[in-house]
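A closer look at the structure
Here is what each chain is made of, one letter per residue.
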Amino acid sequence: MNLHIDDFKNDDVATLKLSGEIDAYTAPQLKEKLLGYVKEYDEVQVDLEKVNYMDSTGLGVFISALKTSKENESKFKLINLQENVYRLFNITGLNEVIDIENTVQGGM
Amino acid sequence: MNETLSSVPIRKEWDIVGARQTGRNWAKDLGFGSVDQARIATAISELARNIYLYAKVGEINFERLDSVPSIGLKITARDQGPGIKEVSKVMKDGYSTSGGLGAGLPGVKRLMDEFDIESTDAGTVVTVIKWTRI
Amino acid sequence: MGSTKSGKQDYKQLLMEYLETGDESVLYRAEQFSKNSIQQSISPDEIVNEHYQSLLDIIPDMDDRIKSSFQFLIETMISYGMAYQEYHVLREKQIELRSEIGVAANMQDTLLKTQVPQVDSLDIGVKSVAAKEMNGDYHHFIIDDKGNIGIAIADVIGKGIPAAFCMSMIKYALESFSENQIFPKYILDSINRVVERNVKEGMFVTMFYGFYDVDTNYFHYASAGHEPGFILRKESHEFEEIDAKGLLLGVESEVTYEEKFTQIEKDDIIVLFTDGVTECRYGDRFIEQEEVLDVIKSFSHLPAQEIVDSVYKYFERLQDFELRDDFTIAVLKRIK
């Protein structure tokens with residue numbers, strides 16, 4: 001399964017729209033791209049509406065992004081999470097430290 | 001006894017071909033067979049490409065070594081480039097930028113009979129020798 | 001390198017025979033010859049050259065253009081030869097590395113070994129299987145002088161050798177707690193600091209820590225972002241989730257973990273696992289948590305170790321005997 005990354009930029013805000021699966025195979029490309037954006041833009045949001053599967057490697061990527069955004073004093077947030085993806089953030093307690101907006105299909 | 005044969009400067013990609021040609025001609029003169037000629041030419045390609053890609057400018061030197069019972073062709077690639085920081089690393093197979101094509105310096109070492117490299121931040125000298133088969 | 005004189009003779013001999021007879025048996029011997037050459041790491045350009053040299057003997061009046069074409073072919077094959085030689089070296093190196101990883105995996109097993117405690121009131125079973133050679137899951141038991149039991153289950157995000165190093169660190173941190181300190185909250189607070197300080201960016205650990213008090217039969221627990229555990233209640237024959245909110249280890253330096261406790265009745269079963277169990281999938285289908293619990297329930301009449309073994313076998317078969325993730329499950333059954 002693949003991960004497709006679309007990006008939209010305006011001024012200081014960048015949005016990455018992901019579709020597919022985030023796992024050990026797709027995480028490295030996501031990490032490279034995401035960390036680059038977090039360093040470059042004041043605000044980065046990642047749209048996970050079309051991500052139907054994510055494993056713990058994906059969490060690692062978002063934790064790295066969170067840390068990088070703190071170092072760069074930029075904003076980093078996740079939007080439109082599917083229920084099963086949100087579950088991971090909820091279990092790991094990351095929903096308390098990462099800015100998460102909107103979960104789809106009712107969320108939790 | 002050593003005898004300097006010639007020297008080819010490397011400045012542009014085209015010079016790589018010139019160096020190959022010169023090396024092949026000397027190899028033929030010294031009595032190397034066709035496989036060895038091809039190996040020598042390939043080794044020169046690698047050395048010259050390294051100069052062209054990483055140091056921009058350098059030269060390839062050819063010497064004849066008279067020994068008993070064989071004759072040797074000694075090739076010295078010299079540049080004043082930034083040098084190689086960790087020689088042992090680039091001499092490892094699979095490390096080279098060739099992407100597993102077996103090229104790079106380990107490939108050169110295998111193509112030739114003797115191999116030596118000295119690298120400082122003032123430049124790199126690679127010396128290789130091929131002996132005629134008896 | 002370089003082929004032997006007799007090798008050359010053989011090749012020329014074979015070629016001549018073939019040109020005369022066109023016989024399949026000669027081709028078969030040619031196959032043997034090439035296998036032999038590979039074993040002696042004779043590169044393809046050498047073989048082409050042998051062919052050329054043999055032809056020169058067999059057909060002395062060969063066209064100059066054909067001769068040149070052989071020179072051309074030899075040149076073309078040189079790079080194949082180089083790639084072949086490199087492949088040879090890399091293959092040997094791979095074998096060497098593999099055996100080293102094997103040694104490391106053994107060492108990990110030895111280093112991380114934990115004894116399943118034997119106590120009167122509890123029947124305990126554990127099954128932990130690595131998907132690859134190095135296990136990214138970890139479990140650990142502590143028993144204090146009163147016979148109370150501490151159990152840690154952890155999953156390192158970021159697998160392989162770095163995870164193994166990280167786990168050794170966690171184990172020694174866990175072992176350094178004195179016996180009267182093995183309360184879940186205290187342990188997770190401290191381990192989090194250890195992990196945050198010592199682990200490189202990009203590696204994180206989830207951990208569930210439980211403490212079973214054999215006097216009161218209370219189970220105290222705290223979780224650092226770990227998969228929730230469950231208790232299969234004897235009375236209702238239903239699962240009850242045991243979860244305590246908490247951030248996974250190593251993200252922030254100061255985290256205060258929540259600690260909860262619950263009463264365990266006779267024949268209740270505590271089940272703890274890693275996400276290798278709940279996230280296992282076959283084909284494109286994920287296994288729902290309910291299915292996992294149903295399977296556990298169906299084996300719940302068995303002794304603890306048989307429960308975990310049976311659950312593992314069930315999911316191993318479901319995934320066609322190819323684990324995608326490390327799998328760890330622990331079961332504590334109150335029997336007195």
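Scoring rules and cut-offs
Residues numbered from 1 in each chain as written. Chains lettered and ligands numbered in written order. Predicted model: local features only at pLDDT ≥ 70, side-chain atom pairs only at ≥ 80, totals over all residues. Helix = DSSP H or I, 4+ residues; strand = E, 2+ residues; numbered from the N terminus. Buried ≥ 20, exposed ≤ 12 C-beta atoms within 10 Å, placed from the backbone. Contact = placed C-beta atoms within 7 Å. Axes fitted to C-alpha atoms, helices over the stretch in contact; angles between N-to-C directions. Parallel < 35°, antiparallel > 145°, perpendicular 65-115°, else oblique. Left-handed = near helix turned anticlockwise from the far one by under 90°. Core = buried A, V, L, I, M, F, W, Y, C linked by C-beta atoms within 7 Å. Nonpolar A, V, L, I, M, F, W, Y, C, P; charged D, E, K, R; others polar. Pairing = 2+ DSSP bridges. Expected span 1.5 Å × (residues − 1).

Within chain B, the secondary structure is distributed over four helices and five strands. If you list the helices and strands of chain B from N to C, you get β-α-α-β-β-α-α-β-β. Classification of the 134 residues of chain B by burial places 39% in the buried group. By sequence separation, contacts in chain B at least 24 residues apart represent 59% of the contacts at least 6 residues apart.

Glancing now at the overall build of chain C. A tally of regular secondary structure across chain C gives nine helices and 12 strands. For chain C, the residues scored as buried account for 36% of the 336 residues in total. For chain C, contacts bridging at least 24 residues in sequence account for 70% of all contacts bridging at least 6.

Right, let's talk about the packing of helix α2 (residues 34-55) of chain B against helix α4 (residues 104-111) of chain B for a bit. Packed helices, taken two at a time, are described by their axes: the angle between them and the distance between them. Residues and elements named next belong to chain B. Close contact between α2 and α4 brings their axes to 9 Å; oriented N to C, the two are set at 155°. By the criterion of interaxial angle, the relationship of α2 to α4 is roughly antiparallel. As for the relative orientation of α2 and α4, their crossing is left-handed in sense. Mapping the contact onto sequence places Arg-39, Thr-42, Ala-43, Glu-46 and Leu-47 in α2 and Gly-104, Gly-107, Val-108 and Leu-111 in α4.

This part is about the nonpolar core. Judged by nonpolar contacts, the single largest core of 99 residues is most densely connected at C:Val205, C:Met207, C:Val271 and C:Val331. The residues touching C:Val271, leaving out its near neighbours within four places in the chain, are C:Gly229, C:Phe230, C:Leu232, C:Ile296 and C:Val331. Listed in part, the 35 residues of the second largest apolar core include B:Ile51, B:Val108, C:Val48 and C:Ile78.

For the rest of this paragraph, the subject is the interface of chain A and chain C. Counting residues at the interface gives 14 residues for chain A, matched by 17 residues for chain C. Sorting elements by how many residues they give to the side of chain A that touches chain C places helix α2 (residues 56-71) of chain A first, with seven residues. The residue inventory of the side of chain A that touches chain C, partitioned by class, reads five nonpolar, six polar and three charged.

A word on the sheet that holds strand β1 (residues 3-10) of chain A. Residues and elements named next belong to chain A. Spatially, β1-β2-β3-β4-β5 is the arrangement adopted by the five strands of the open sheet, whose pairing is mixed. The open sheet terminates on both sides in strands that have one partner only, identified here as β1 and β5 (99-103). Going across the sheet, the axis of each strand differs from the next one's by a mean of 20°, ignoring polarity. Across four bridges, strand β4 (residues 75-81) lies against β5 in parallel orientation. Paired with Leu-78 across the two strands is Ile-100, which belongs to β5. Packed on one face of the sheet, helix α1 (residues 27-40) meets β1, β2 (13-22), β3 (43-54) and β4 and runs near 170° to β2. On the sheet, helix α3 (residues 83-91) packs against β3, β4 and β5 and is oriented at approximately 115° with respect to β3.

A separate point is the interface of chain B and chain C. Many descriptions give the size of an interface as the accessible area lost when the pieces come together. Between chain B and chain C, the residue contacts involve 14 residues of the former and 15 residues of the latter. Of all the secondary structure elements, the ones that give two or more residues to the side of chain B that touches chain C are α2 and α4 of chain B. Per element, the largest residue contribution to the side of chain B that touches chain C is five residues, and it comes from α2(B). Looking at the side of chain B that touches chain C, its residues break down into five nonpolar, six polar and three charged.

The subject of this paragraph is helix α2 (residues 24-39) of chain C. Residue and element names in this part refer to chain C. Counted at 1.5 Å a residue, the expected span for α2 with its 16 residues is 22 Å, and the 23 Å between its end C-alpha atoms agrees. With zero of 16 residues buried, α2 lies mostly on the surface of the structure. Remark: Ser-41 follows α2 within two positions and exhibits a positive phi of approximately 45°.

Here we take up the pairing of strand β12 (residues 327-334) of chain C. Residue and element names in this part refer to chain C. Within β12, eight of the eight residues are buried, which leaves the element mostly enclosed by the surrounding structure. Of the two faces of β12, the one holding Phe-327, Ile-329, Val-331 and Lys-333 and the one holding Thr-328, Ala-330, Leu-332 and Arg-334 are both buried throughout. Sheet analysis places strand β1 (residues 122-129) next to β12, joined by eight bridges and oriented antiparallel. Residue pairing for β12: Asp-123 is matched across the bridge by Lys-333. Bridge analysis of strand β9 (residues 269-273) against β12 gives five bridges, and the strand direction is antiparallel. Across the sheet, Leu-272 pairs through a bridge with Ala-330, a residue of β12.

Let's shift gears to unusual backbone geometry. In this structure, B:Pro69 follows B:Val68 across a cis peptide bond, with omega equal to 5°. Structurally, B:Pro69 is set in the loop between β2 (58-66) and β3 (71-79). Here B:Lys56, not a glycine, exhibits a phi torsion of approximately 70°, which is positive. Its location among the elements puts B:Lys56 in the loop between α2 and β2. Of the residues examined, B:Lys56 has 14 C-beta atoms within 10 Å and is grouped as partly exposed. One non-glycine residue, C:Asn217, adopts positive backbone phi at about 60°. Within the secondary structure, C:Asn217 is located in the loop between β4 (204-213) and β5 (218-224).

In short, the description is geometric, and any link to function would need to be established separately.
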